[in-house]
Structures are given as structure tokens and as C-alpha cells.
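A look at the structure
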2 protein chains.
Amino acid sequence: MDIFVAGTGMTQFGEHFDKSLRDLAYDASIEAIEESGIEKEYIDAVVVGNMLGDTLSAQGQLGALISSDLGLNNPEAFRVEAACASGGVAIKRAVTMLKTGDYQHVLVVGVEKMSDHKSYEVTAGLANAADEEKEGFYGLTFPSLYAMMAQRYMYDFGATPEDLARVAVKNHYHGAKNPKAQFPKEITTETVLKSTEVATPLRLFDCSPISDGAAAVVLSVRQPQDSSVKIMASEMGTDSLALEEREELTSVKAAQVAAYKAFSKSKVRPGDVDVLEVHDCFTIAELFALEDLGFAERGRAYELYRAGKTYFDSDLPVNTSGGLKSCGHPVGATGVKQLIEVTHQLQGRAGDRQVKNAQIGLTHNVGGSGATCVVTIVTN
Amino acid sequence: MDIFVAGTGMTQFGEHFDKSLRDLAYDASIEAIEESGIEKEYIDAVVVGNMLGDTLSAQGQLGALISSDLGLNNPEAFRVEAACASGGVAIKRAVTMLKTGDYQHVLVVGVEKMSDHKSYEVTAGLANAADEEKEGFYGLTFPSLYAMMAQRYMYDFGATPEDLARVAVKNHYHGAKNPKAQFPKEITTETVLKSTEVATPLRLFDCSPISDGAAAVVLSVRQPQDSSVKIMASEMGTDSLALEEREELTSVKAAQVAAYKAFSKSKVRPGDVDVLEVHDCFTIAELFALEDLGFAERGRAYELYRAGKTYFDSDLPVNTSGGLKSCGHPVGATGVKQLIEVTHQLQGRAGDRQVKNAQIGLTHNVGGSGATCVVTIVTN
């Protein structure tokens, strides 16, 4: 059975002082439904990816809330949460539902409302993605967790702060070509290296921002008129939340497991992939992603950046949307935005950042410091 | 394809001052896995039903956390949330996964840790199940929402406070026979009618308590040696969160939709059901349940209680576990506990509250004031 991306919708990523969580979800969802051409009453189910609705907006039960706001027909609807992988998990859930044959059209919406809140509240909410007893309680936040991983990677493999900076520079180069990006501005390695230090070696421009935004797709078992993009595989892996319990600090086993399953199911090999969106919550995470997914040898991903090979018009286009760094990271929306970006690339709708002849795309969405990963592979 | 309840596990419901959220989930899960006889490495996925981990325990990403604590093999794992229906939604998700044929054994664990927190924090966390913009912001809490529904029901249909009290009396009668119950004590209608008024007409003994607890099941496509209980249907419906947007105050459309789908799929009729667990978060909700599910005519469910017909040894055994009222209501665990109770009834393992010759069981799990409902039907 084929599962098609029948419609896509996405708000601007950034600060929406005039929009609430539900407003953002509504806007992206309506756009996706309209693009799909499917009447609202035929949407069988709604899956919402969201992390911080409870802690920041005092709002739970988003499945029913969003379905009702949209005027749908009392459908099956629920929220999934796996920290920053919530959007990817929502896609995986919809794919699973459609595979049963009991559903025809499922709306997936990822949404997050992070601005309009005190920064320590946002930081504390995000820290729920860490192991509270073993990490959060002691004051560890996500920049510090990823900083430790980066330190180890640089020590083991000889990468430098400039190598990390190159990830941000490339993502801002792409983001400057994406009208939906939160920070659509080009930067230089100097911008990164002279920015405020957040947690050594990570500086402000190594870190993805706090963002509001929503992204939605309608997945369908019926091929729509205007799209032939279909999902070949969507697979997940998990690992411990606490870094101290992991086998390795410089690779993400959950991502390796998810990638292994997704490549096996789709019979695609890394060399077949034309465009990929990976989870660059911090610059170091993009290097891990390319190694965990099999696009670079262990400890050598940064060489691709030294050689300029990850730009949209190069061998291995990575994060043509601008990634989490430049496009923004409204947590629950990110995994869905990734699918929209590769879909638009495969449809030739990616404007100034269009990858030539893209036939196979891959998304990689990570929760926390790597406890959850969803890898999805699509083709035209 | 048949989907079997291969193993069940459940902590005591009540106050666990020495156990955290993850401890409770671990205890129930290990018990369910051991009862199933399935080796841990063959558990393909973990679905966690939880509402308040973020707001009360500063802990998200529970799928990966619990899988890792259990020593599972980096499986697919995620949390679902639909307020108090989170456990039921988790079951529905697992059923959907197994129906694809891609999974053999899925662990479902519902868990909540509500004590050890300030009561206003718990009340605020639970209020996230309401529409924050239209209800929560104005101070509406769940006792007040259900109180309004109860007022309307009593006005329209002539039910009295004594009728509501009879629901609690019956559930405590059952709970007194359940070793896992939080309040295993019989009460009288006078106990209820003389208890503190919470929100007119609801008194303290009309309300389910604040509870800690976890309940877990292993669902499997392979028939286990010791059980033939299988899931015939698990279906969902939704409606608006805000009462002001509903068509009716005295019935729950989400439940009617879920019941219609579940009865249609299973080809079971209400008259065929031998035992049912329904969502009595407040006494009035049990009356709604019986009417929405088709076990009583609209506005007449209370007559069944006047006639004593809902006891375990009567025509229509309802909430033999003691229900949310006497057994306790650790929110995310409730929907899973309901499935365990009907499973044990069908297996003849329900001890002093055993229903004779129970062949078909039904569970009814509601989120908020009725925005989400999951109805699951099982048979022997």
C-alpha cells in the first residue's frame, strides 16, 4: 500500500505574538487540508505532535481541541510526545494507521508556542526531555548536554570550533533562501565564533532558537492529483535519556537503529538519497546525524563541511530549509516541517534552494539528547 | 488478525510516597511482561499513556525513558496524551500497530504520579484538559464543569443527589473487594450526602481521588498459553473541549461516536456485554456513560441504580474494579486498568467481585469533560 503526502501547510517560523498554540495549529492545518483537496469530513484522524502545550500554554488534549477548532467530524484524534521528536513520531503514527487499511486520510500537525513566556520557563520545559533524576535535577540543560557531547567529539576526532561553525553558516545560507525561516540571513564563521559562549564549545550561533510555529501534512492512501510523493519508510529507535547510561557520547544509537530499520524497509541506501533534513538542534548534532545515518564515516562528517559538500547545489544537500538553526525550532513542528521540506524538494517547489532532480529524500528527527529518533524516507 | 491480552500488571493505586513516576511504570510493566512470558528483547514497541509527567514530575519523553529503564532493545517508544483518556488512547495505538502486521508484541503502560505535589498544582495540571482560553482561564476546574453537567441532567431528567450517591456506594462496594483499590471501604448514601460540598451538586464522595499508580498490558498477535482474551474493537471519538461548544450538556458525543464505531466493528450489541468498566471521574459521568453506550435510555440511567442493577452479581455489572471513585484515578493509568479489570473478569481471576460467566467486556475511557473517548470491546 502506498502512502502519499497529499497536502502540506506551514506557518512562518519565528515569534508570533498575536497567535496562540491553537491558532498556529489551525493555520497550518487548514493550509494542508486545502492543498490536499480532501473535504474536511473525510479526514479520518488527527495526530498532533507537541511537547510544551501543558507547561507553557496550560493546554492539553490537543487532538480533540484542534480537530474541533477545524470543524472536523468528531474524528479519532490524540497528541504524541517524544520531546523534540514529537513531530516525527506523529508522522510515524499516521503512517502506521494508514497501513492498517482502516483510515484513508490522516492529518498530522506539529505545533509549538514558545515565545511570550519567561526564558527560564521555556528552558525548564525543554529540560523535561532530559532524565530529571539523573540530569535535570542537577541543573543540566540542553546546551550543556550537547556541549559535553561536542567536547568529546572534538577531543576524539580532531574537529574544531570552526568545523561546528561551518554547519551554522551552511544552514543560514539555505535559510536565507527560505521565506518561512525565522532567521533568513547569511552569516560567516566569524559570526559564530565571535558570538556569546553558551556552553563551551557551543556559542549562540551553534544553537537553534526558541520559536513559534506549526507544520501540517495530510497523509493519504489515495494518490492526490498534484503529488506523487510517497512515504517509503518511517522508523523509530530509542535509547536512555541520560547520557551517563549511553554506550557512546559521540553517536546516537536511537538514530542508528531508526536509520537501519528505515533503510532496510525502503531498500534505499544512503548513496541513493538526494536531499536530507536532519536534526541540527546544535551544530554538533548535524555531524552526529550524518555519521549515524551512514553519510559519513565515524568522526569524519566535519570533513564534508570543510569541503563544502552539504550545500543545496552540492553532492549531499543537508537542511535545505535552513535546518533548526536558521529556519527555527518550534519543537513539535520540526519533524513535520522536515517532511514538508523534502516533499517540496521532490515536487520541485523549493524555489531558490531547489535541489536538482531530487528523487529520494530523508528526514531525521531527534528527541532530547538522542533518546528518540525517527527516520522517514520519501520518494517521488 | 487476533490481538490478545498476553500479560497484565498493575501497582496498588493510592499514595506511593516512596515511588516516582518511572518507578511505578517500571513495576507495572515488569509484571505485565513476566505474565506474558515474552522475553524482553521481543517487545517491539512501548506506548505510554500519561498526562501530568511534564507538569508535576518535570519529566517528558517517557517512551524512551521507560523502555530504557526496562532494559528493552532500543524499541519504538512514545507517549500519547488525551488527558484522562491517555491510557485508552495508548491501547488503541497498540491495537493499530499490531493490525499492520509489523509488530508482534507491544507493551502499553499507563502511569501517573499525582501525590507529593501541592494540591493547587495538581488541580492546575488537570485543568489543562479543559479549554484554557474558554474555561481554564476563568477558573473553571473539573468538579465545576461536571457539576454544571450534573445540574442540567437533574433538572432535565429528575435525578436526585441520592441517585448520584448510589453510583459511589456501588463502586465502593466493588472496590472493597479489590486488593488494588485506593479506598477499599464500603460507604452508604449518607456518607456521600453528608460529605463536603465540592461544586453543587457534587460532594467529596461524588469525586474520584488524586492517585498514584500504573497499569500495563502486553498486547500480542500470538495467543499466549494462559489467556484467550482478545480485543474485538478499540475505537475513538472526539468533541470540543469547551462545554459551551457542545451540542448537549447531558450526553457525551465523543463517547457516542466511539461506542457506535466499536459496536459496529465488533458486531457486539450492548445486550451482549457481560461486564463493563466506565469512566466515573464523577458520579454523574457514570450515568452519562451508560446512556451514551446504549445500556440505558437517555435520562434514565439512574433508574438502574435505584433498582440495584449495576452490582457485580446483577444484570449489568459496572465498574467491578471499584471504578475511578474507589479504585482510584491515576489519570494515565485508568484506561489501562479498565482493560486489566475486564480481562481478569473474562479469565475468572476477579476474586470476590467475579462476574459469573463473563464472555464479553467493554471499557469506556474519557478525556476531560468528554472531549475524547475510547471504547474497547474484548472477548474470551
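Residues numbered from 1 in each chain as written. Chains lettered and ligands numbered in written order. Predicted model: local features only at pLDDT ≥ 70, side-chain atom pairs only at ≥ 80, totals over all residues. Heavy atoms only, no water.

So, on to the interface of chain B and chain A. Each partner contributes to the interface: chain B provides 56 residues, whereas chain A provides 56 residues. Carbon and sulfur atoms make up 43% of the area that chain B and chain A hide from each other, which totals about 4,400 Å². Contact with chain A buries area across many residues of chain B, yet B:Q61, B:N74 and B:E81 alone supply 17% of it, more than any other trio. The tally of links from chain B across to chain A stands at 12 salt bridges. In this structure, B:R22 and A:D131 form a salt bridge, with 2.8 Å as the shortest nitrogen-oxygen distance. The interface formed by chain B and chain A includes 32 residue pairs in polar contact (both at pLDDT 80 or more). When the residues that make up the side of chain B that touches chain A are grouped by side-chain class, the tally is 20 nonpolar, 18 polar and 18 charged. Across 3 bridges, strand β3 (residues 76–81) of chain A lies against strand β3 (residues 76–81) of chain B in antiparallel orientation. Residue pairing in the sheet places A:E81 in a bridge with B:R79 of β3(B). (Contact = heavy atoms within 4.5 Å. Buried area = accessible area lost by both parts, 1.4 Å probe. Salt bridge = Lys/Arg side-chain N within 4 Å of Asp/Glu carboxyl O. Polar contact = N/O pair within 3.5 Å; in protein donor to acceptor, adjacent residues only side chain to side chain. Nonpolar A, V, L, I, M, F, W, Y, C, P; charged D, E, K, R; others polar. Pairing = 2+ DSSP bridges. Helix = DSSP H or I, 4+ residues; strand = E, 2+ residues; numbered from the N terminus.)

Pairs can form between side chains of opposite charge once their charged atoms are near each other. Throughout the structure, instances matching the rule amount to 58 salt bridges over all chains. A salt bridge links A:R93 to B:E76, with the shortest nitrogen-to-oxygen separation between them at 2.7 Å. Note that A:R93 is positioned in helix α4 (residues 86–99) and B:E76 in strand β3, a pairing that runs across two chains. By relative accessible area, which is 2% here, A:R93 ends up buried. With a closest N to O distance of 2.6 Å, A:K99 and B:D102 form a salt bridge. (Buried < 20%, exposed > 50% of the residue type's maximum accessible area, 1.4 Å probe, protein only.)

Residue and element names in this part refer to chain B. Across the 7 residues that make up strand β1 (residues 4–10), a large majority, 7, are buried. Alignment of β1 against strand β7 (residues 213–220), held across 6 bridges, turns out to be antiparallel. If you follow F4 over to β7, its bridge partner there is S220.

Moving on: the environment of B:F13. Residues and elements named next belong to chain B. Along the chain, F13 turns up in the loop between β1 and α1 (21–36). Here F13 falls in the buried class, since its relative accessible area comes to 1%. Here the alpha-carbon distance between F13 and Y173, two residues 160 residues apart in the chain, equals 17 Å. Setting aside residues no more than four positions away along its own chain, F13 makes contact with K180, A181, Q182, D212, G213, A214, C327, G328, P330, A333 and K337.

A separate point is the relation of the copies chain B and chain A. Of the two same-sequence chains, chain B is brought onto chain A (RMSD 0.0 Å, axial shift 0.0 Å) by a rotation of 180°. Such a turn and shift between the copies fits a two-fold axis. Same-surface contact between copies: 100% of interface residues of chain B are shared with the interface of chain A. (Least-squares fit on C-alpha atoms with pLDDT ≥ 70 in both.)

A few words on the side chain of A:E81. Its location among the elements puts A:E81 in strand β3. Overall, the relative accessible area of 1% leaves A:E81 in the buried class. A distance of 2.7 Å separates a polar atom in the side chain of A:E81 from the backbone nitrogen of A:A83. For A:E81, the side chain forms a polar contact with the side chain of B:R79, separated by 2.7 Å. Setting aside anything within four residues of it in sequence, one finds A:E81 in contact with A:N50, A:M51, A:S86, B:D54, B:G60, B:Q61, B:L62, B:F78 and B:R79.

Residues and elements named next belong to chain B. With 6 of its 6 residues buried, β3 lies for the most part within the structure. Neither face of β3 is exposed, since E76, F78 and V80 on one face and A77, R79 and E81 on the opposite face are all buried. Direction of pairing for strand β2 (residues 45–49) relative to β3: parallel, over a ladder of 5 bridges. If you follow V46 over to β3, its bridge partner there is A77.

It is worth spelling out the packing of helix α1 (residues 21–36) of chain A against helix α3 (residues 62–69) of chain A at this point. How two helices sit against one another is set out by the angle between their axes and by the gap between those axes. Residues and elements named next belong to chain A. Contact geometry for α1 and α3: axes closest at 10 Å, N-to-C directions at 60°. For the element pair α1 / α3, the angle class is oblique. When you trace α1 past α3, the crossing you get is right-handed. Two secondary-structure elements touch here, α1 through L21, R22, A25, Y26 and S29 and α3 through L62, L65, I66 and D69. Residue classes in the contact of α1 with α3 are distributed as 6 nonpolar, 1 polar and 2 charged. (Axes fitted to C-alpha atoms, helices over the stretch in contact; angles between N-to-C directions. Parallel < 35°, antiparallel > 145°, perpendicular 65-115°, else oblique. Left-handed = near helix turned anticlockwise from the far one by under 90°.)

For the rest of this paragraph, the subject is unusual backbone geometry. All names here are of chain A. A cis amide bond links T200 with the next residue in sequence, P201, at an omega value of 5°. For P201, the location among the structural elements is in the loop between β5 (197–199) and β6 (202–203). The residue K267 is not glycine, and still its phi comes out positive at about 60°. Tracing the backbone through its elements, the reader meets K267 in the loop between α9 (253–266) and β9 (275–277).

Once that is clear, we can look at the packing of aromatic side chains. In this description, an aromatic ring pair is defined by two values, namely the gap between the centres and the angle between the planes. Residue and element names in this part refer to chain A. Per the counting criterion, the structure on display carries 12 aromatic pairs over all chains. Arranged with centres 4.9 Å apart and planes meeting at 35°, the rings of Y146 and F282 form a pair that is tilted. Residue Y146 is found in helix α6 (residues 142–157), and its partner F282 is found in the loop between β9 and α10 (283–292); the two are separated by 136 residues along the sequence. Of the two residues examined, Y146 and F282, each falls in the buried class. Here the basic side chain of K177 rests over the ring of Y173, its NZ or CZ set 4.8 Å away from the ring centre. (Phe/Tyr/Trp six-rings, centres within 6.5 Å; stacked < 30°, edge-to-face > 60°. Lys NZ or Arg CZ within 6 Å of the ring centre and 35° of its normal.)

Turning our eyes to something else, we now look at the packing of α4(A) against helix α4 (residues 86–99) of chain B. Look at α4(A) against α4(B): their axes get within 8 Å of each other, and the N-to-C directions meet at 55°. It follows from the interaxial angle that α4(A) and α4(B) lie oblique. Crossing angle aside, the handedness with which α4(A) passes α4(B) is left-handed. Packed against α4(A), whose contacting residues are A:R93, A:T96 and A:M97, the element α4(B) presents B:R93, B:T96 and B:M97 at the interface. Here the residues of the contact of α4(A) with α4(B) are counted per class, giving 2 nonpolar, 2 polar and 2 charged.

On to α9(A). All names here are of chain A. If you check α9, its first and last C-alpha atoms are 20 Å apart, about what 14 residues at 1.5 Å a residue would give, namely 20 Å. Here the buried face of α9 lies against β8 (230–238), α10, β10 (360–367) and β11 (372–379). After α9 finishes, the residue K267 shows a positive phi value of roughly 60°. (Expected span 1.5 Å × (residues − 1).)

With respect to the helices and strands, A:Q59 occurs in the loop between α2 (53–57) and α3. Measuring from C-alpha to C-alpha, the distance between A:Q59 and A:R22 comes to 9.3 Å, with 37 residues separating the pair along the chain. Excluding residues within four positions of it along the chain, A:Q59 makes contact with A:L21, A:G53, A:D54, A:L65, B:N128, B:A130, B:D131, B:E132, B:E133 and B:L241.

Before going further, it helps to spend a moment on the confidence of the model for chain A. Confidence in the prediction of chain A, expressed as mean pLDDT, is 97, and 100% of residues score 70 or more. Per the prediction output, this complex has pTM 0.98; the corresponding ipTM is 0.98. (pLDDT = per-residue confidence, 0-100.)

Turning to its location among the elements, B:D54 is positioned in helix α2 (residues 53–57). You can call B:D54 buried: its relative accessible area is 5%. A polar contact is formed between the side chain of B:D54 and the side chain of B:R79, at a distance of 3.1 Å. Each residue touching B:D54, except ones within four places of it in the same chain, is listed here: A:M51, A:T55, A:E81, A:N128, B:Q59, B:G60 and B:R79.

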